[in-house]
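Here is how the chains run, residue by residue.
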Amino acid sequence: MTISINAFANTDCKQITIVNSVPPGGLMDQSARDIAKLITEKTGIPAIVDSKPAGAQALQYVKQQKPDGCTVGFFRATYFINQAIEGKDKVDYDIMNDFVHAGVMLKYVSMIVAGPKVPEVKTWNDLVKMTRTRPVNISSAGAIQDVIFNDFVDQYKAKDSVIVRYKGMTPQLMDLVGGHHDIGFTAIAANALQFVNEGKLTPLAVTGEHRLKNLPNVPTLKELGWNYVDYAYTPISLPAGAKPEAVKFWSDIIKETWAVPGTAERYYTYGVESFDTNPASSKAFLQRMLDKAATKKTGNQ
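A brief structural summary. As the structure is a prediction and not an experimental result, all values here were calculated from the model.

The subject of this paragraph is the nonpolar core. Counting 39 residues, the largest nonpolar core has Phe75, Ile95, Met111, Leu201 and Tyr233 as its most contacted members. Looking at this core, the elements with two or more residues in it are helix 3 (57-63), helix 4 (78-86), strand 4 (99-109), strand 5 (111-114), helix 8 (169-177), helix 9 (189-197), strand 10 (231-239) and helix 12 (279-295). When neighbours within four sequence positions are excluded, Leu201 is seen to be in contact with Val113, Ala114, Gly115, Pro116, Leu173, Leu176, Val177, Ala192, Phe195 and Val196. Within the second largest apolar cluster, 35 residues are counted, among which are Ile45, Met105, Leu106 and Val272.

With that out of the way, let us pick up the sheet that holds strand 11 (residues 272-276). Strand pairing in a sheet takes place through backbone hydrogen bonds and is either antiparallel or parallel in direction. The 6 strands lie next to each other as 2-1-3-10-4-11, forming an open sheet whose pairing is mixed. Two strands bound the open sheet, and with one partner strand each, they are strand 2 (47-51) and strand 11. Ignoring which end each strand starts from, the neighbouring axes of this sheet average 20° apart. Sheet topology note: the strand 1 (residues 16-20)/strand 2 ladder contains 5 bridges and is parallel. Each bridged residue has a counterpart across the sheet, and for Ile18 the counterpart in strand 2 is Val49.

Looking now at the packing of aromatic side chains. Inspection of every chain in the model, using the stated rule, returns 15 aromatic pairs. Here the aromatic rings of Phe75 and Phe99 are separated by 5.2 Å at their centres, their planes lie at 75°, and the arrangement is edge-to-face. With a gap of 24 residues between them, Phe75 in the loop between strand 3 (71-74) and helix 4 and Phe99 in strand 4 connect regions that are remote in the sequence. Classification of Phe75 as buried rests on a relative accessible area of 0%. Where Tyr231 meets Phe285, the ring centres are 5.6 Å apart and the plane angle is 70°; that geometry is what we call edge-to-face.

Moving on: the state of the cysteines. Per the stated rule, a full pass over the model turns up 1 disulfide. What pairs with Cys13 in a disulfide is Cys70, and their sulfur atoms sit 1.6 Å apart. Judged by the torsion about the S-S bond (-80°), the Cys13/Cys70 disulfide is left-handed. Taken together, the residues Cys13 in the loop between helix 1 (6-9) and strand 1 and Cys70 in the loop between helix 3 and strand 3 connect sequence positions 57 residues apart. This pair shows no difference in class: Cys13 is buried, exactly as Cys70 is.

Locating His181 in the fold gives a position in the loop between helix 8 and strand 8 (183-186). Engagement of the side chain of His181 in a polar contact is seen with the side chain of Asn137, the distance being 2.5 Å. Within the structure, His181 has its side chain in polar contact with the side chain of Tyr166 (distance 2.7 Å). With near-sequence residues (within four places) excluded, His181 lies in contact with Lys117, Asn137, Ser139, Val164, Tyr166, Asp175 and Leu176.

Let us now look at the pattern of salt bridges. Within the structure shown, the criterion is met by 12 salt bridges. For the salt bridge of Arg211 with Glu223, the shortest nitrogen-to-oxygen distance reads 2.9 Å. A residue pair is termed long-range when its members are at least 10 positions apart, and Arg211 in the loop between strand 9 (202-206) and strand 10 and Glu223 in the loop between strand 9 and strand 10 qualify at 12 residues. For Glu223, a relative accessible area of 45% translates into the label partly exposed. With a closest N to O distance of 2.8 Å, Asp252 and Lys248 form a salt bridge.

What counts, and at which threshold
- Residues numbered from 1 in each chain as written.
- Predicted model: local features only at pLDDT ≥ 70, side-chain atom pairs only at ≥ 80, totals over all residues.
- Heavy atoms only, no water.
- Core = buried A, V, L, I, M, F, W, Y, C linked by side-chain atoms within 4.5 Å.
- Buried < 20%, exposed > 50% of the residue type's maximum accessible area, 1.4 Å probe, protein only.
- Helix = DSSP H or I, 4+ residues; strand = E, 2+ residues; numbered from the N terminus.
- Contact = heavy atoms within 4.5 Å.
- Pairing = 2+ DSSP bridges.
- Axes fitted to C-alpha atoms, helices over the stretch in contact; angles between N-to-C directions.
- Phe/Tyr/Trp six-rings, centres within 6.5 Å; stacked < 30°, edge-to-face > 60°.
- Disulfide = S-S within 2.5 Å.
- Polar contact = N/O pair within 3.5 Å; in protein donor to acceptor, adjacent residues only side chain to side chain.
- Salt bridge = Lys/Arg side-chain N within 4 Å of Asp/Glu carboxyl O.

Structural data, given as structure tokens:
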């Protein structure tokens, strides 16, 4: 057994709680429950998932808990983006200093897809050629996708192109499939994969460092000559002051969860690219994502 259970064998933890920042259902909820199940099996300590999706409720709750590792946050990237855009004073938290991030459980990529309105667009080069002949109508459903659009316009001189912003990915994708837009910048590749698999959307590129394992023929933007890398992400976060052994426990949990037979393959089908069990490199990654959202700059991470 590789999990550092000694960190919890003699603690006062009567229960381990994973505070999820999204409602039940979806990959974040599934993966949090995968973790809880594994912890209970490995340690004998009951582990539960407590969903607190309203605003920053999950973050504020975890922030106030003891830093003993008994309660951790399973936070969505929105918290980082909101702090970057609005500032620490306005959001009333400091995502990098109020918490110790044990690792990144899920790294998702965004995906650029072509809709049925432009059947001639089969590759990224086809999209670039289209920008030279007419304006491109692009839909998005997130702040980071707006950043991608702005840099797309700058990179390819698509000055007359327009972006239509949606409050959610479901209506965005339904309108894209319905022929209302040319191209979609999806916040999380998983949301578009069903339509890609059904042949209703054509994948053009992903924003990660590496290609998705279940879409090996779809290139990264970096491969295509646009030095752009971006992710959505879900870290496991402990309150500030957590002891190293508690942090290591949670880092090991990430690794062991991914090692459960069939789990990695299931995550890949959702458009997850990778994970990180190293607290130092995870912290550096999260800081880069925070800085990128704050400055709205692209390029190397």
